Structure formats: structure tokens, C-alpha cells
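Single-letter residue listing:
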Amino acid sequence: MSRRNELILLAVLVFILVVSFYYFSRSSPAPSVPVAVEDRFAPLNVDNPALRLDILKRFLALQYKGVHRSIFSATLPPPPTPPPSATPVAAPLVPSGPPPLTVDAKYFGYVSDLAGSHRRAFFATSNNEDVYIASEGDTLMGRFRVVRLTSTTADVEEVSSGRRATLVLEEAGPNG
């Protein structure tokens, strides 16, 4: 390279250096003003900002009471031993619920359409004086709702309490 080309190259590089210095010195961000930060600050609306030491002491007093075992072991820990009891263990009392639902009607038959999707059931009162015909969703004797009908059972629900009972299809006797 000749001396003249070296001087031209040096002049171009100095020019690029001056332009880049000017560009970066002008585009630097302006110093932030602390007043703008204070304007955006809004304290929380807390009635009593004091530290609740009673809650802190309660949390610091907590102890882990779970199973202490190695998470790197593939074997299961032995089951915890039950604490010895000095008194003999009595059988737990089963709470007595509401009495079972009694329906004073008999399920003695049903009829369905050809597809078998819509069924109607026949119910008779216990003294065989009244006969009721009901399908699923209908009310029976003003107290019970027919929930589900199958070829052998009829599930009914008492409207007032929601208790359910299942009536089994009764076979006809020798006299009818």
C-alpha cells in the first residue's frame, strides 16, 4: 500500500471514530429524576402497619410432624406404630340415620314402546284398590317421584326429603 492510501484510510477511520463518539454521546439516556419515582409511589391502605409479633412467634414455633425419610431412598418407610392405649377399644357407634323409606305401593308391571326407550310402570296401593300409571319423572301418589324404571325394579324418591327406595317387580299370584 502506498503512503497516500494509508493516509486516506487513517482519515476515514478517524472520521468514523469522531462520528460514532458524537452519536453515542448524544443518544445516552438523560439522568433519571427522583421526583418522577416519588410521584408514582402510593402507600398501601393499612390501618395498623406494625409487625404482628404474635403471629410471627406462632409461625416460628411450628415443627414439621411428617415422615422424616430420605428422598433418595427407593424403599418405603415402615408404617407408623400406633400409640399404645390403656383402655380397651370399643366398637365405634354407627350414627343412626333417618329410617328407611317405605312406599305403600307395589310395582306390578310395565309397558314400553317398540324401541324400549319409553317405559310406563303400573303401581298398586297396598290394599290393591287404586292403580297408578307413571313414567320416569312423574309423581306417584303425590309423595314420590319415579326416578328410574327397569324391567325388574323401579327407583322412587320421596319429594319432600329426597330419600330413595327401590321397588322390586312383584310376580302375579295364582289368582291374578
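Scoring rules and cut-offs
Residues numbered from 1 in each chain as written. Predicted model: local features only at pLDDT ≥ 70, side-chain atom pairs only at ≥ 80, totals over all residues. Heavy atoms only, no water. Helix = DSSP H or I, 4+ residues; strand = E, 2+ residues; numbered from the N terminus. Buried < 20%, exposed > 50% of the residue type's maximum accessible area, 1.4 Å probe, protein only. Contact = heavy atoms within 4.5 Å. Areas by Shrake-Rupley, 256 points an atom, 1.4 Å probe, with all protein chains shown as cover. Polar contact = N/O pair within 3.5 Å; in protein donor to acceptor, adjacent residues only side chain to side chain. Phe/Tyr/Trp six-rings, centres within 6.5 Å; stacked < 30°, edge-to-face > 60°. Pairing = 2+ DSSP bridges. Core = buried A, V, L, I, M, F, W, Y, C linked by side-chain atoms within 4.5 Å.

A. How the structure looks around the overall build of the protein. The number of helices and strands found in the protein is three helices and seven strands. Each helix (α) and strand (β) of the protein, taken in turn from the N terminus, gives the series α-α-α-β-β-β-β-β-β-β. Every one of the 176 residues in the protein was classed for burial, and the buried ones make up 13%. Restricting to contacts in the protein with at least 6 residues of sequence separation, those with at least 24 account for 27%. Carbon together with sulfur atoms contributes 62% to the accessible area of the protein, which is approximately 15,600 Å² in total.

B. Molecular detail of the side chain of serine 135. Relative to the helices and strands, serine 135 is located in strand β3 (residues 131–135). Looking at serine 135, its side chain comes within polar contact range of the side chain of aspartate 138, at 3.0 Å. If we ignore the near neighbours within four places in the chain, the residues touching serine 135 are His118, Arg119, Arg120, Val146 and Leu149.

C. Representation of the packing of aromatic side chains within the structure. All chains considered together, the criterion is met by three aromatic pairs. A ring pair is formed by tyrosine 23 and phenylalanine 24, whose centres lie 5.4 Å apart and whose planes are at 70°; its orientation type is edge-to-face. Pair check on accessibility: tyrosine 23 and phenylalanine 24 agree, each one exposed. Note on tyrosine 107 and phenylalanine 123: the rings are 5.6 Å apart at their centroids and 35° apart in plane angle, and the pair reads as tilted. Of the two residues, tyrosine 107 is situated in strand β1 (residues 105–112) and phenylalanine 123 in strand β2 (residues 119–125); the sequence distance between them amounts to 16 residues. Each member of the pair tyrosine 107 and phenylalanine 123 is classed as buried.

D. The arrangement of the sheet that holds strand β6 (residues 153–158) in detail. The antiparallel open sheet is built from four strands, whose spatial order is β4-β5-β6-β7. The open sheet is flanked by β4 (139–140) and β7 (164–168), the only strands paired with a single partner. In terms of strand pairing, β6 meets β7 through five bridges, oriented antiparallel. Bridge pairing links valine 156 to alanine 165 in β7.

E. Region of interest: the nonpolar core. Val103, Phe123, Val146 and Val156 are the most contacted members of the largest nonpolar core, which has 15 residues in total. The set of elements that each furnish at least two residues to this core consists of β1, β2, β5 (144–149), β6 and β7. Among the elements that make up this core, the one with the highest residue count is β5 (three residues). Excluding its chain neighbours within four sequence positions, the residues that come into contact with valine 103 are Met141, Phe144, Val156, Ala165 and Leu167.

F. Here's a closer look at the pairing of β5. Across two bridges, β4 lies against β5 in antiparallel orientation. Each bridged residue has a counterpart across the sheet, and for leucine 140 the counterpart in β5 is phenylalanine 144. The turn linking β4 back onto β5 is made up of three residues, and methionine 141 within it adopts a positive phi angle of 55°. By the bridge criterion, five bridges tie β5 to β6 in an arrangement that is antiparallel. Within β6, the position partnered with phenylalanine 144 by the bridge is glutamate 158. Taking the residues that link successive antiparallel strands as the turn, the β5-β6 hairpin has three residues.

G. Looking closely at the environment of tyrosine 107. What makes tyrosine 107 buried here is its relative accessible area of 1%. Put simply, tyrosine 107 and valine 131 are 24 residues apart on the chain and 10.0 Å apart in space, counted from C-alpha to C-alpha. Ignoring anything within four residues of it in the chain, the contact list for tyrosine 107 reads Ala121, Phe122, Phe123, Thr150, Ser151, Thr152, Thr153, Ala154, Leu167, Val168, Leu169 and Glu170. From its side chain, tyrosine 107 meets the backbone oxygen of threonine 150 in a polar contact 2.9 Å long.

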